[in-house]
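Survey of secondary and tertiary structure
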Amino acid sequence: MINPVFFSVHSLFTAFVIFTFGACACCLKEAKGGWKSSRLWSVFIGLLLLRVLLPLQIPNAYIVSVKTILPDLYKWTKAFLWKDISIQILLLIVWGIGVLIALVHLSISLYHQTRLIREIRPIEDLRITVLYEQVRENLSCAVCGSIGVCCGMETAMMVGLFRPHIVMPIQYLDFSDEDLEFVLQHEVMHFLRHDTWKKLGLEIFCCLFWWNPIIYFLRSSISRFLEIQCDRKVCNHLSNERQCAYAETLLYSHKRGVPERKYYFAQNYIGRLNDHQWKQRIKQIITPPSASKRAGAVPLSILLIIVLFIVSYGVVIQPATPAPSSPIENQLDVEDDEWIASFILSCDDGKLMVYKNNRECGIITPEKLMEEPYSSLPIFDAQVSKEVQQ
């Protein structure tokens, strides 16, 4: 039995278009003041990433035919460079090589963090050790690893995946008890929120779609949001005065140094932010969003995002298909009930060839896809079918 839901080049292109516009909207929202609801942000980002990872095409999807640029571009990718190697295949090869290089680069970063864990020296200051145990107890964290100090670090950082360790720079050892408590609460909260795993998944996603420049803006936006959400979680347990003190500790730590970029999915305390982003982060700490004003808007927004996600699978963007010079669709017996093992083949030149009972029997125009029995037939890409046969 033929599965009515299938994958096609056009559905992948549609997913890329939706992802690009969604990522731009996310970055603009974050730049203008940030997301007020973590649930809304999580649903939006999660469905946006899922949409591009599952670029499926469903039967009876609405076809958006693009008549300019896209047809010429699609025809250009079908051109052959040498024997059976087309530009489309060459682009896929370059894509694959880029993914491999990006994954190797990410593996090197993971190795750096593993080596960093080996270089951690236990903190001999009993004051810091006691503070760390108190913070873990207050936040009900029993699994988090040890705390240590490492030379050459500019900021506190949580490294490791299964049993993370908190690394403190030497210059943090002279912090006051209150400042150290804020730093430790921030890092332990990252562990409780599984932010390290989230960043690792995001980095893998960036490796898969390394060629899309929007993904890097989205990665920076997500990293900043994770830091802001961690600040909010810590400050939920603090009074107004201590929230201001928490913000002052952040600014003071920022003046002491900026972390290196090589620890890609480590959770560092201060992050790499410009002046505008620092002001935005401090503002989020001092003036948290009011829950009463957005209590009803958030569920409705989440529902709207889910509906748009589902509806997006009903739309496919593809190059406009020129009408065949001599269509023979009128020769097809649409009243015949014996449409067994039948399907539509999307040819390289844009024509839609109908196969009835595994036999070629005619060409139809895209408009006929909305009519029976063609609307019930699965559509297959000719190039994909050739590769499967080979």
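Structure: see above.
This section reports on the structure supplied with the text. In this text the structure is predicted, and so the values were computed from the model without any measurement.

1. A few points about the pattern of salt bridges
Where charged atoms from two side chains of opposite charge approach closely, those side chains can pair. Using the criterion set out here, one finds eight salt bridges in the structure. The shortest N-O distance in the salt bridge between R242 and E181 comes to 3.6 Å. You can see R242 sitting in helix 9 (residues 240–256) and its partner E181 sitting in helix 6 (residues 177–192), a full 61 residues away along the chain. The class for R242 is partly exposed, based on a relative accessible area of 26%. Salt bridges linked by common partners bring D125, R127 and D177 together as one network.

2. Re unusual backbone geometry
For S140, which is not a glycine, the phi torsion comes out positive at approximately 55°. The residue S140 is located in the loop between helix 5 (126–138) and strand 7 (147–149) in this model. When its relative accessible area of 64% is taken as the criterion, S140 is described as exposed.

3. Some points on helix 7 (residues 195–208)
The terminal C-alpha atoms of helix 7, which comprises 14 residues, lie 20 Å apart, in line with the 20 Å expected from a rise of 1.5 Å per residue. For helix 7, every residue scored as buried is listed here: D195, T196, K199, L200, L202, E203, F205, C206 and C207.

4. Focus on a positive patch on the surface
Together, K29, K32, K36 and K283 make up a region of like positive charge exposed at the surface. Position of K36 relative to the elements: it lies in the loop between helix 1 (9–31) and helix 2 (38–53).

5. Notes on the packing of aromatic side chains
Enumeration over the complete set of coordinates arrives at 12 aromatic pairs. Taking the centre distance of 5.6 Å and the plane angle of 55° together, the rings of F19 and F205 count as tilted. With F19 in helix 1 and F205 in helix 7, the pair connects residues that are 186 residues apart, well separated along the chain. When sorted by exposure, F19 lands in the same class as F205, which is buried. Summarising the aromatic geometry, the rings of W95 and W211 are spaced 5.6 Å apart at their centres and angled 85° between planes, so their arrangement reads as edge-to-face. Placement of the pair is W95 in helix 4 (residues 87–118) and W211 in the loop between helix 7 and helix 8 (214–235), with a sequence separation of 116 residues. Pairwise contacts between aromatic rings join F16, F19, W95, F205, F209 and W211 into one cluster.

Rules used throughout
- Residues numbered from 1 in each chain as written.
- Predicted model: local features only at pLDDT ≥ 70, side-chain atom pairs only at ≥ 80, totals over all residues.
- Heavy atoms only, no water.
- Salt bridge = Lys/Arg side-chain N within 4 Å of Asp/Glu carboxyl O.
- Helix = DSSP H or I, 4+ residues; strand = E, 2+ residues; numbered from the N terminus.
- Buried < 20%, exposed > 50% of the residue type's maximum accessible area, 1.4 Å probe, protein only.
- Expected span 1.5 Å × (residues − 1).
- Patch = residues over 30% accessible without salt bridge, like charges linked within 9 Å, V, L, I, M, F, W, Y side chains within 5 Å.
- Areas by Shrake-Rupley, 256 points an atom, 1.4 Å probe, with all protein chains shown as cover.
- Lys, Arg positive; Asp, Glu negative; His and termini not counted.
- Charge placed at Lys NZ, Arg CZ, Asp CG, Glu CD.
- Phe/Tyr/Trp six-rings, centres within 6.5 Å; stacked < 30°, edge-to-face > 60°.

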